[in-house]
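Take a look at the letters that make up each chain.
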Amino acid sequence: MRRVRTFILASASPARRRLLTHAGIDPQVVVSGVDESVIEAGDAATLAGTLAALKARAVLASVTTTDALVLGCDSVLAFDGEILGKPGSAGEATARWKAMRGRSGVLHTGHCLIDVATGEAAEAVVATTVHFAEPDDDEIAAYVASGEPLEVAGAFTIDGLGGAFVAGIEGDHTNVVGLSVPTLRLLLARLGVPITSLWTRGRMDP
Ligand SMILES: Nc1nc2c(ncn2[C@H]2C[C@H](O)[C@@H](COP(=O)(O)OP(=O)(O)OP(=O)(O)O)O2)c(=O)[nH]1
């Protein structure tokens, strides 16, 4: 069994950091600085996987602790034949919601976990189908005015204000937030690290 001292999250995402801490893992955050705009791919899953690996490897290059793991992630929404990241403006967020309401999309999150000691990588892209509710124009306007949709891939959150406009999902909830925790357990196992060995605290307060 591999015992690892340091878990590095190669992401600026507060949502991903929160998911890890709730899962009992206390990550060090090292933002990759990868320019996502320069990467293109034919489909959402390939793009998410490619960007996750780029982020993890960019941070790996700066890591000196050998007793560490580095996790990179990237989330994109596949909707209506398009690959959607964060909306570029309030107008785009509004247009997206008027198109998405009452319909479904697939949120793909790429994961790349690298063992610094061996260089071995365990990777997975996870898809969750998201069924959107039917917010009216005033609700969309209020949501866009909150600023939240501009900060997140797909212009929605499932665990924030946007949760009111998600009618249901098929698949892993944490994957929609930005990091699939059950998939992380499997990636860690592939590298010989039980997720329970990374727990830094006892059970959550109920
Ligand atoms: N809280 C929350 N955040 C979400 C949700 N869906 C997407 N996001 C956030 C997570 C990520 O911060 C962001 C997805 O964009 P990226 O995968 O490019 O990550 P980001 O640019 O934030 O950070 P990074 O590139 O990893 O340093 O959207 C959600 O349902 N809930």
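Residues numbered from 1 in each chain as written. Predicted model: local features only at pLDDT ≥ 70, side-chain atom pairs only at ≥ 80, totals over all residues. Heavy atoms only, no water.

**Looking at the pairing of strand β6 (residues 121–132)**
Okay, so step 1: Side chains Ala-122, Ala-124, Val-126, Thr-128, Val-130 and Phe-132 project from β6 onto a buried face, and the interleaved Ala-121, Glu-123, Val-125, Ala-127, Thr-129 and His-131 project onto a face without burial.
Okay, so step 2: Sheet topology note: the strand β5 (residues 104–115)/β6 ladder contains 11 bridges and is antiparallel. Bridge assignment links Gly-110 to a residue of β6, and that residue is Val-125.
Okay, so step 3: Between β5 and β6, which pair antiparallel in sequence order, lie five residues; one of them, Gly-119, sits at a positive phi of approximately 80°.
Okay, so step 4: Bridging between β6 and strand β7 (residues 166–170) involves four bridges; their strand directions are antiparallel. (Buried < 20%, exposed > 50% of the residue type's maximum accessible area, 1.4 Å probe, protein only. Helix = DSSP H or I, 4+ residues; strand = E, 2+ residues; numbered from the N terminus. Pairing = 2+ DSSP bridges.)

**Quick word on the UniProt feature "active site" (unreviewed entry) in the protein chain**
Okay, so step 1: Taking the UniProt record as the reference, the feature "active site" (unreviewed entry) is found at Asp-74.
Okay, so step 2: Within the element layout of this structure, Asp-74 appears in strand β3 (residues 68–79).
Okay, so step 3: For Asp-74, a relative accessible area of 3% translates into the label buried.
Okay, so step 4: Those residues in contact with Asp-74, other than ones at most four positions away along the chain, are Arg-16, Glu-36, Ala-48, Leu-51, Ala-52, Lys-55, His-108, Thr-109 and Gly-110.
Okay, so step 5: Engagement of the side chain of Asp-74 in a polar contact is seen with the side chain of Lys-55, the distance being 2.8 Å. (UniProt positions renumbered as here; feature names shortened; annotations may be inferred. Contact = heavy atoms within 4.5 Å. Polar contact = N/O pair within 3.5 Å; in protein donor to acceptor, adjacent residues only side chain to side chain.)

**Quick look at the site of the ligand**
Okay, so step 1: Neighbouring residues of the ligand: 20 residues in total, closest Ser-11, Arg-16, Lys-55, Ile-158 and Asp-159.
Okay, so step 2: A distance of 2.9 Å separates an oxygen atom of the ligand from a polar atom in the side chain of Lys-86.
Okay, so step 3: Residue Val-176 places a main-chain N or O atom 3.1 Å away from a nitrogen atom belonging to the ligand.
Okay, so step 4: Contact with the protein chains removes 90% of the 610 Å² of surface that the ligand exposes when unbound.
Okay, so step 5: Put simply, the ligand lies in the largest pocket.
Okay, so step 6: Every element with two or more residues in the shell around the ligand is listed here: α1 (14–22), β3 and α5 (173–177).
Okay, so step 7: Per-class residue counts for the shell around the ligand are nine nonpolar, four polar and seven charged. (Near = heavy atom within 4 Å. Areas by Shrake-Rupley, 256 points an atom, 1.4 Å probe, with all protein chains shown as cover. 1 Å grid on protein atoms, 1.4 Å probe; cavity = no way out; pocket = protein on both sides within 12 Å on 5 of 7 lines; lining within 4 Å. Sits in = over half its atoms within 2 Å of the grid points. Nonpolar A, V, L, I, M, F, W, Y, C, P; charged D, E, K, R; others polar.)

**Observations regarding the nonpolar core**
Okay, so step 1: Phe-7, Trp-97, Leu-113, Phe-156, Leu-179, Leu-184 and Leu-188 are the most contacted members of the largest nonpolar core, which has 42 residues in total.
Okay, so step 2: When residues no more than four places from it in sequence are discounted, the contact partners of Phe-156 are Leu-77, Trp-97, Leu-107, Val-130, Phe-132, Tyr-143, Val-166 and Val-176.
Okay, so step 3: Listed in part, the 12 residues of the second largest apolar core include Ala-10, Ala-56, Val-63 and Cys-112. (Core = buried A, V, L, I, M, F, W, Y, C linked by side-chain atoms within 4.5 Å.)

**Focus on helix α2 (residues 44–60)**
Okay, so step 1: Helix length check: α2, at 17 residues, gives a terminal C-alpha distance of 24 Å against a target of 24 Å (1.5 Å per residue), a fit within 8%.
Okay, so step 2: Every buried residue of α2 is accounted for by Ala-44, Leu-47, Ala-48, Gly-49, Leu-51, Ala-52, Ala-53, Lys-55, Ala-56 and Val-59.
Okay, so step 3: Contacts made by the buried residues of α2 are with β1 (6–9), β3, β4 (82–84), β5 and β6. (Expected span 1.5 Å × (residues − 1).)

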